[in-house]
Amino acid sequence: MNEQIITEDLQSIAARIANKDKLNGCSVLISGVSGFIASWIVRLLLELNDREHRNIQVYGLYRSEKHLQERFGQLLQRDDVHMLRADVSQPLMLEDRMDYIIHAASQTSPESFRKDPVGTALGNVTGCANLLKYAADCKAKGFLLLSTREIYGKAVADFVTEDDYGPLDPTAVRSCYPEGKRMAETLCAAYREQYGLDCRIARIAHCFGPGMVLSDGRVVGDFIGNTVRGEDIVMNSDGSGTLALTYVADVAAGLMQTMLDFPDFVYNVSNDASTVTVRQLAETLCGLYPAQGAKVVIHLADAAQKSGYLQHKVGFLQSGKAKQAGWSASFDLESGLKRTVDYYKG
């Protein structure tokens, strides 16, 4: 692994946050801490301690010891890192007061939606409710929910703003994820209104970069995994589906800006300029490393595989509101893909 790429990206993120002083001497709790995006937030907070002496205490909630060790390794030995084994969908036994709480725990893969829809729904709804109650009880300074473009339902436009909501079928098992996120957002609005808790919501879409899980059944991870190993890229469709991809450093910057810098409640955080079809993504990756001689192969998915996929078109996130507030994407699609592959190739 080329850790220098992550170090450069963390410095880039830190430079974009205007109100970092709000974190000085604070305790920050992150659920789903072993997840891809959550791990970047942890690394960012530790970077702020190391380079800017912010004295932030980082707390993480995790379920799997194995995944925790794989994700953080020696970082777990630091005095400013505190990891607690807990399932957010169960009652939380937390004693320390937290200043900021970031709810990042969520199952996000189509395979999880298909095999564990109950766990997917409860992690988003009950998990968010438990953390919000804790945040209100300890009078936290801020609460951030990582949400999704899927809450917009069936697309009412190609690009959706924070006010463009379409229908969702609540009886579809696949709705365990978007309906769970919708209810989590409603709970944030309720706690904001009833208890004065400073809740913020960041809606994100397809995210990629160093540290992502490769070959996990999702198209971006699968394709990048193929490229890292020098293999042909196999598509489980005709490649006409469209993605809007955002490099993880840009997402992490947008999350922290939403929590610390921005004035409003809800923001789309997505690089709306990096819209690409599945086939174009495959061809772009092959083109970045022509010496590997990889090609694009089509293999149509069976009915069982398709059951975890979206069955309707969801709008892409229009991020004009976040841009007006001060966020922008620093990495285009090709540079982000190259940084990701080069990280794994070492």
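The structure presented is a predicted model; accordingly, all values stated were derived computationally and were not measured. (Residues numbered from 1 in each chain as written. Predicted model: local features only at pLDDT ≥ 70, side-chain atom pairs only at ≥ 80, totals over all residues. Heavy atoms only, no water.)

Engineer: I'm lost on the pattern of salt bridges in this one. Help?
Structural biologist: Proximity of charged atoms lets side chains of opposite charge pair with each other. Under the definition given, this model contains 26 salt bridges. The salt bridge involving E52 is made with K20; its shortest N-O contact spans 3.2 Å. Pair noted here: E52 is in helix α2 (residues 36-52) and K20 is in the loop between α1 (3-16) and β1 (27-31), with a separation of 32 residues, a long-range link. A salt bridge links D137 to K133; the shortest N-O distance between them is 2.9 Å. One end of the pair is D137 and the other is K133, both in helix α5 (residues 117-137) and four residues apart, which spans about a single turn. Given the relative accessible area of 51%, D137 is considered exposed. Connected through shared salt-bridge partners, K20, D21, E52 and R54 make up one network. (Salt bridge = Lys/Arg side-chain N within 4 Å of Asp/Glu carboxyl O. Helix = DSSP H or I, 4+ residues; strand = E, 2+ residues; numbered from the N terminus. Buried < 20%, exposed > 50% of the residue type's maximum accessible area, 1.4 Å probe, protein only.)

Engineer: Help me understand the sheet that holds strand β12 (residues 275-277) in this model?
Structural biologist: Across a sheet, paired strands are connected by hydrogen bonds in the backbone, their directions being either parallel or antiparallel. A sheet is described by the order of its strands in space; here three strands give the open sequence β8-β10-β12, paired in mixed fashion. Each edge of the open sheet carries a strand with a single partner, namely β8 (206-208) and β12. Along the sheet, successive strands turn relative to each other by an average axial angle of 45°, direction set aside. Bridge count for strand β10 (residues 242-247) against β12 is three bridges, and the pairing is antiparallel. What sits directly across from T242, in β12, is T277. Running over the sheet, helix α9 (residues 278-288) touches β10 and β12 and is turned about 95° from β12. (Pairing = 2+ DSSP bridges. Axes fitted to C-alpha atoms, helices over the stretch in contact; angles between N-to-C directions. Contact = heavy atoms within 4.5 Å.)

Engineer: Help me understand the packing of α1 against α2, please; the structure alone is not making it clear to me.
Structural biologist: Packed helices, taken two at a time, are described by their axes: the angle between them and the distance between them. Taken N-terminus to C-terminus, the directions of α1 and α2 make an angle of 75°; their axes are 10 Å apart at the nearest point. Taken together, the axes of α1 and α2 are roughly perpendicular relative to one another. Residues E3, I6, T7, D9, L10, Q11, I13 and A14 of α1 form the contact with α2, whose participating residues are W40, R43, L44, E47, L48, R51 and E52. Its residues assigned to classes, the contact of α1 with α2 shows seven nonpolar, two polar and six charged. (Parallel < 35°, antiparallel > 145°, perpendicular 65-115°, else oblique. Nonpolar A, V, L, I, M, F, W, Y, C, P; charged D, E, K, R; others polar.)

Engineer: Looking at this model, I keep getting lost on the side chain of R54. Mind explaining?
Structural biologist: Within the secondary structure, R54 sits in the loop between α2 and β2 (57-62). Residue classification places R54 among the buried residues on the basis of a relative accessible area of 12%. Here the side chain of R54 touches D21 through a polar contact of 2.5 Å, side chain to side chain. (Polar contact = N/O pair within 3.5 Å; in protein donor to acceptor, adjacent residues only side chain to side chain.)

Engineer: Explain the sheet that holds strand β5 (residues 142-148) here, please?
Structural biologist: Pairing is parallel across the open sheet formed by seven strands, whose spatial order is β3-β2-β1-β4-β5-β7-β11. Whereas interior strands pair on both sides, the edge strands pair on one side only; in this sheet they are β3 (81-85) and β11 (266-268). Averaged over all neighbouring strand pairs, the angle between strand axes comes to 15°, with direction disregarded. Across three bridges, the pairing between strand β7 (residues 199-204) and β11 is parallel. Across the sheet, A202 pairs through a bridge with Y267, a residue of β11. Contacting β1, β2, β4 (100-103), β5 and β7, α5 runs over the sheet at an angle of about 180° to β4. Where helix α6 (residues 176-195) meets the sheet, its contacts fall on β5 and β7, and the angle it forms with β5 comes to roughly 155°.

Engineer: Sorry, what's going on with the packing of aromatic side chains here?
Structural biologist: Note on aromatic pairs: each is described by the distance of the centres and the angle between the planes. Within this structure, the stated rule accounts for eight aromatic pairs. Between F262 and Y267, the ring centres sit 4.8 Å apart and the planes meet at 55°, which makes this aromatic pair tilted. Both residues of the pair, F262 and Y267, belong to the buried class. Through a chain of ring-to-ring contacts, three or more aromatic side chains come together here, namely F208, Y247 and F331. Its guanidinium or amino end placed over the ring of Y267, K321 lies 4.8 Å from that ring's centre, counting from NZ or CZ. When the ring centre of Y289 is taken as origin, the NZ or CZ atom of K345, which lies over that ring, is 5.8 Å away. (Phe/Tyr/Trp six-rings, centres within 6.5 Å; stacked < 30°, edge-to-face > 60°. Lys NZ or Arg CZ within 6 Å of the ring centre and 35° of its normal.)

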